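The primary structure of each chain is shown beneath.
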Amino acid sequence: MLKTTTVLAVVFLFGACEDDFQTLGSDVIGEPGFDASVYDETLISAHSYDLPPVQTNSLPLNLLGVYTDNVFGTQEASVLSNLELSSLDPSFGTDPVVDSVVLTIPYLSHEVLKNDKVEYVLDSVYGSTPIRLSVYESGYFLNNYDPDTNFEQTQKYYSNLEPKIMNNINPEPIYERDNFIPSSKGYLEYSVDAMGVADTVVMAPALRLKLKNDFFQKKILDKAGSSVLLNQDNFRNYFRGLYLKADKVGAGGTMMLLNLLDSDAGITIYYKTKIVDGNDSDDDGDREELIEGRRAFSLDFGGVRVNTFQQEASQYDDQNLYLKGGEGSMAVIDLFSGPDANNDGVSDELEALRENNWLINEAHLEFFVNRDYISDVDEAERVYLYDLKNNTILADYILDANGQPNGMASVSNRRHLEPLERDEDGKGISYKIRITRYVDQLLNQDSTNVKLGLVVTQNVNLISTYKVLPSANPEVDRVPGGALITPEATVLYGPDAQNEDKRLKLKIYYTEPKN
């Protein structure tokens, strides 16, 4: 009676807690009448996949710079962006003359207190050696909507766009520097309001480039009152954007993750102009004379932005899984990939496991880092596993620890997607990914077994996917955005690695009734 009641209670509990993967079997582990065990003999096939060009417009952040390591070679990232008028049909006064032009994009940074002084530490900056940084006017028109779909779908732009951009570029750069390195120092921002009142504000570190005055004199100030500054559409066709281009100049390099849509990002044109002295500032009694005033006008980054990548080709062996951000590489994983005798699309192993009626307590994949390869690689703190067929999250992503909904902070989902485990020297050991719900659905609910994609990610919450340019071997159709905005990488032991202790395995902890 007791055993029967316990089994019925467990069955009832399993149904009632169907949407909470942590309760699966949790109340029967070690109970009388049940055996708890682990299965780790799943047949897995996995291989590295070298990404073709990827869609990079509409990314939340953008990479700019050069990053080099011994495994994946050199990756160069540049950015093409539209510009928008901060105000339409602007008036610049009488005889305006550009004084200076500054392009500003704040770095991702945080404050630290050192010797009772506030200092800044740059985040998401990789490498520390110089790069060549140039800024060009682009003549390549960026559409918001695709003309091939009768403008009903948004236009997709891919990471291989640089040749077309360079064929439509103003060859005279408006900024160029051969030894650029980001600075962690804050700066004083000089501003002038609409009334000409000047102020200075201490700002966090930013990419700040002084652009050519004469270009913006002719391009903007001299066009006051013309139709090209009348509205955003006219302006976007007239000034089609800026191309921030990064090139390698020596060994190594530096790459930065930037938010071009930050409220402090954009181009500020500081200029002198003649204005009516309505306040009689010189106390000469003449309120109609023209005097010199200082003003500022801003152009904002907006509309369409495209990241371009130049990635050296790498050679991948079949013993390891090579993961690299940007237009890099990922892994394609097929669980329960053994023989299928009846050719019904379900492996013999999976069919046999479904007959066991196991209560799944936990299932996880553990990926061990192959440290022989990544001595000079910036290791990714997080990796992300997703459904390659449907380009969606796995069921386990929805719930975090204790069955709570996944939070939206970058440190969230630490149970399903554990951060990189490191040794005492900070070197990576392994990543663990719990897929309890996914495996339970495969074994007990006849869910479809699909191939899985594994990528490095800047943030596990950036799960929106972006198209991959169709190729001759289209295993991957879309890639999560979090993988496209980081140069970080790792090399992991695969399921066929010679080191048996570190081979990729799926471990299934289960409970079943005793016979």
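Here the residue numbers are simple positions, counted from 1 along each chain's written sequence. With pLDDT at 70 or above as the cut-off, local features in this predicted model cover only qualifying residues; side-chain atom pairs require 80 or more to be listed or tallied, and sums for whole chains, interfaces and linings still use all residues. Side-chain metrics rest on all non-hydrogen atoms present in the structure, leaving aside hydrogens and water.

(A) Representation of the overall build of the chain within the structure. Along its length, the chain carries 7 helices and 28 strands. Categorising residues by exposure relies on relative accessible area from a 1.4 Å probe, with only protein chains included: less than 20% of the type maximum marks a residue as buried, more than 50% marks it as exposed, and the intermediate range marks it as partly exposed. Evaluated residue by residue, the chain yields a buried proportion of 49% over its 515 residues. What makes two residues a contact is simply this: any of their non-hydrogen atoms within 4.5 Å. If you take every contact in the chain between residues at least 6 apart in sequence, the share linking residues at least 24 apart comes to 79%. Of the roughly 24,200 Å² that the chain leaves accessible, carbon and sulfur atoms contribute 46%. Secondary structure counts use DSSP, requiring at least four H or I residues in a row for a helix and at least two E residues in a row for a strand, with both numbered from the N terminus. Here, Shrake-Rupley sampling with a 1.4 Å probe gives the accessible areas, and only protein chains in the shown set may cover a residue.

(B) Structural view of the environment of Arg132. If you trace the backbone, Arg132 turns up in strand 9 (residues 131-137). Sequence-wise, Arg132 and Thr254 are 122 residues apart; in three dimensions their C-alpha atoms are separated by 9.9 Å.

(C) Representation of the nonpolar core in the model. We call a set of buried Ala, Val, Leu, Ile, Met, Phe, Trp, Tyr and Cys residues a nonpolar core when their side-chain atoms join them within 4.5 Å. Leu335, Ile435, Leu454, Val476 and Leu506 are the most contacted members of the largest nonpolar core, which totals 74 residues. Among the nonpolar cores identified, the runner-up in size contains 41 residues, and Leu64, Phe216, Ala265 and Phe297 belong to it.

(D) Quick look at the pairing of strand 19 (residues 329-335). Across the 7 residues that make up strand 19, a large majority, 6, are buried. Relative to strand 19, strand 2 (residues 44-50) runs antiparallel, the two sharing 7 bridges. Within the sheet, the bridge partner assigned to Ala46 lies in strand 19 and is Ile333. As defined by bridge partners, strand 19 adjoins strand 24 (residues 452-457) across 3 bridges and the pair is classed as antiparallel. Looking at strand 24, one finds that Ile333 is bridged to Leu452. In this scheme, strands are said to pair when DSSP sees at least two bridges between them.

(E) Quick look at helix 7 (residues 436-444). Here helix 7 lies mainly inside the structure; 7 of its 9 residues are buried. Among the residues making up helix 7, those that are buried are Thr436, Arg437, Tyr438, Val439, Asp440, Leu442 and Leu443. At the exit of helix 7 stands Asp446, carrying a positive phi of roughly 55°.

(F) Structural detail: the pattern of salt bridges. Here, a salt bridge means any side-chain nitrogen of Lys or Arg that lies within 4 Å of a carboxyl oxygen of Asp or Glu. In this structure the tally under the stated criterion is 20 salt bridges. For Asp178, the salt bridge is made with Arg132, and the minimal N-O distance between the two is 2.8 Å. Highlighted residues: Asp178 in strand 10 (residues 175-180) and Arg132 in strand 9, separated in sequence by 46 residues. Classification of Asp178 as partly exposed rests on a relative accessible area of 45%. Residue class for Arg132 comes out partly exposed when judged on its relative accessible area of 27%. Residue Asp477 is joined to Lys467 by a salt bridge in which the shortest nitrogen-to-oxygen separation is 2.9 Å. With Asp477 in the loop between strand 25 (465-467) and strand 26 (478-480) and Lys467 in strand 25, the pair connects residues that are 10 residues apart, well separated along the chain. By sharing partners, the salt bridges in this structure join Glu362, Arg415, Glu418 and Arg434 into a single network.

(G) Here's a closer look at the side chain of Asn413. In this structure, Asn413 sits in the loop between helix 6 (395-398) and strand 22 (421-422). With relative accessibility at 0%, the residue Asn413 sits in the buried group. A polar atom in the side chain of Asn413 sits 3.0 Å from the backbone oxygen of Tyr397. Side-chain atoms alone can form a polar contact between residues adjacent in sequence; in general such a contact is a pair of N or O atoms within 3.5 Å, and within protein one must be able to donate a hydrogen while the other accepts it.

(H) Representation of the confidence of the model for the chain in the model. Scored by pLDDT, the chain comes out at a mean of 88, with 86% of its residues at no less than 70. Confidence scores per residue from the predictor, reported as pLDDT, run from 0 to 100. Between residues 1-28, whose pLDDT stays under 50, and residues either more than four places distant or in other chains, the model counts 41 contacts. Here residues 401-409 is modelled with pLDDT under 50, and outside its nearest four sequence neighbours on either side it reaches 19 contacts, counting other chains as well.

(I) Expanded view of the packing of aromatic side chains. Classification of ring pairs uses Phe, Tyr and Trp, with its six-membered ring standing for Trp, and accepts pairs whose centres are within 6.5 Å; under 30 degrees between planes counts as stacked, over 60 as edge-to-face, and the remaining range as tilted. Scanning the entire structure with this criterion turns up 16 aromatic pairs. Between Phe72 and Tyr322 the ring centres are 6.3 Å apart and the planes differ by 80°, which places this aromatic pair in the edge-to-face class. In this pair, Phe72 sits in the loop between strand 3 (62-69) and strand 4 (73-85) while Tyr322 sits in strand 18 (residues 320-324), placing the two residues 250 residues apart along the sequence. Of the two residues, Phe72 and Tyr322, both sit in the buried class. Through a chain of ring-to-ring contacts, three or more aromatic side chains come together here, namely Phe215, Phe216, Phe235, Tyr238 and Phe239. In this analysis the charged atom, NZ for Lys or CZ for Arg, is taken to sit over a ring once it is within 6 Å of the ring centre and within 35 degrees of the ring normal. Here the guanidinium or amino end of Lys219 rests over the ring plane of Tyr238, the centre of that ring lying 4.4 Å away. One cation-aromatic arrangement involves Lys219 over Phe239; the distance from NZ or CZ to the ring centre is 5.4 Å.

(J) Summary view of the environment of Leu385. Secondary-structure assignment places Leu385 in strand 21 (residues 382-387). With relative accessibility at 0%, the residue Leu385 sits in the buried group. It is 9.5 Å that separates the C-alpha atoms of Leu385 and Ile435, two residues lying 50 residues apart in sequence. Apart from residues no more than four positions distant in its own chain, Leu385 is found in contact with Ile333, Leu365, Leu394, Leu417, Ile433, Ile435, Leu452, Gly453 and Leu454.

(K) Geometry of unusual backbone geometry. Look at Ser58: it is not a glycine, yet its phi comes out positive at around 75°. You will see that Asp89, though not glycine, has its phi angle at about 45°, which is positive. Along the chain, the position of Asp89 falls in the loop between strand 4 and strand 5 (94-106). Take Asp89: its relative accessible area is 40%, and that puts it in the partly exposed class.

(L) Spatial organisation of the environment of Ser471. The topology assignment puts Ser471 in the loop between strand 25 and strand 26. Residue classification places Ser471 among the partly exposed residues on the basis of a relative accessible area of 32%. A sequence separation of 418 residues divides Ser471 from Pro53, and the C-alpha atoms of the two residues are 9.2 Å apart. Those residues within four positions of Ser471 in sequence are excluded, and the remaining contacts are Tyr49 and Pro52.

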